[in-house]
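Listed here are the chains, written in short residue letters.
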Amino acid sequence: MSDGRKVTLYYAPRTRATGTLTLLEEMGVPYDRHVLNIRAGENRQPAYLAINPMGKVPALMHQGQVITEQVAISIYLSDLFPDAKLAVPAGDLLRGPFLRWMAFYGTCLEPACTDKSMKRETPPRAQSGYGDYDTVIGVLNAQLEKGPYMLGERMTAADILWGTALSWLTMWDLVPKLPAITAYAERITTRPIVTRVRAEDSALAAEHEKAAAAKSAAQ
Ligand SMILES: N[C@@H](CCC(=O)N[C@@H](CS)C(=O)NCC(=O)O)C(=O)O
């Protein structure tokens, strides 16, 4: 791409980077992909820590600038490629709700689900950024009941993030299989591009597991 918008995605299969890969594919924009085998610890090697000192994926490189955190990357990419029509630009009345639900994902849903999966006691409501798990799920469910997408009739980058994540989280019983939530996740994950990315991603994850097992057996 000659207009300076080509990005590089640092990606490992079966991770949050899969959501970012899905977004790039849905947007149909050109990108480079740098694949890491996190099962073999490649994300903890100095070469990658120089890019993301957190050792986490996804990370995005654009013209020498590093962007990390899946939510920030999703907003950044949707803004960078407005022609893909998954952005909600500044000035649009839905920009506020778009940012709200993007932030809600990172600051409410994820920590609530992590605490649940670790069976950690929720801190007192006032000291917990997400309040409590049941409230997070209730607020999310009420929003999705309005449907069909997070912001109503219009599909945006928020739906790629939320839809792909909710399909895993419901499968792992970290989010309840309420009708509006499962219907929404299915609406997103049955999109042909999402289905294709998932199949390729799962095949690569299996290859990585095999390679990591062979490496540790040889040590
Ligand atoms: N806050 C980060 C979380 C990223 C994250 O936890 N990624 C996991 C994969 S889903 C990872 O890289 N794990 C490898 C490790 O920590 O060693 C985001 O939102 O992107």
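Above this text sits the structure in question.
Everything quoted here is computed from the prediction, not taken from an experiment.

Q: Which residues make up the side chain of arginine 198, and what values do they have?
A: Tracing the chain through its elements places arginine 198 in helix H8 (residues 192-218). Buried and unpaired, arginine 198 has aspartate 201 as its nearest opposite-charge partner, separated by 7.1 Å. Looking at arginine 198, its side chain comes within polar contact range of the side chain of serine 167, at 2.4 Å. If near-sequence neighbours (up to four positions away) are discounted, arginine 198 is found in contact with Thr164, Ser167, Trp168 and Thr189.

Q: Let's hear about the site of the ligand: which residues, and what values?
A: In the region of the ligand, the neighbouring residues are Thr15, Arg16, Asn43, Arg44, Gly55, Lys56, Val57, Pro58, Glu69 and Gln70. Within the contact set of the ligand, an oxygen atom lies 3.1 Å away from a side-chain nitrogen or oxygen of arginine 44. When the ligand is considered free in solution it has 520 Å² of accessible area, and contact with the protein chains removes 75% of it. Broken down by class, the residue content of the shell around the ligand amounts to two nonpolar, four polar and four charged.

The rules we used
- Residues numbered from 1 in each chain as written.
- Predicted model: local features only at pLDDT ≥ 70, side-chain atom pairs only at ≥ 80, totals over all residues.
- Heavy atoms only, no water.
- Helix = DSSP H or I, 4+ residues; strand = E, 2+ residues; numbered from the N terminus.
- Buried < 20%, exposed > 50% of the residue type's maximum accessible area, 1.4 Å probe, protein only.
- Lys, Arg positive; Asp, Glu negative; His and termini not counted.
- Salt bridge = Lys/Arg side-chain N within 4 Å of Asp/Glu carboxyl O.
- Polar contact = N/O pair within 3.5 Å; in protein donor to acceptor, adjacent residues only side chain to side chain.
- Contact = heavy atoms within 4.5 Å.
- Near = heavy atom within 4 Å.
- Areas by Shrake-Rupley, 256 points an atom, 1.4 Å probe, with all protein chains shown as cover.
- Nonpolar A, V, L, I, M, F, W, Y, C, P; charged D, E, K, R; others polar.

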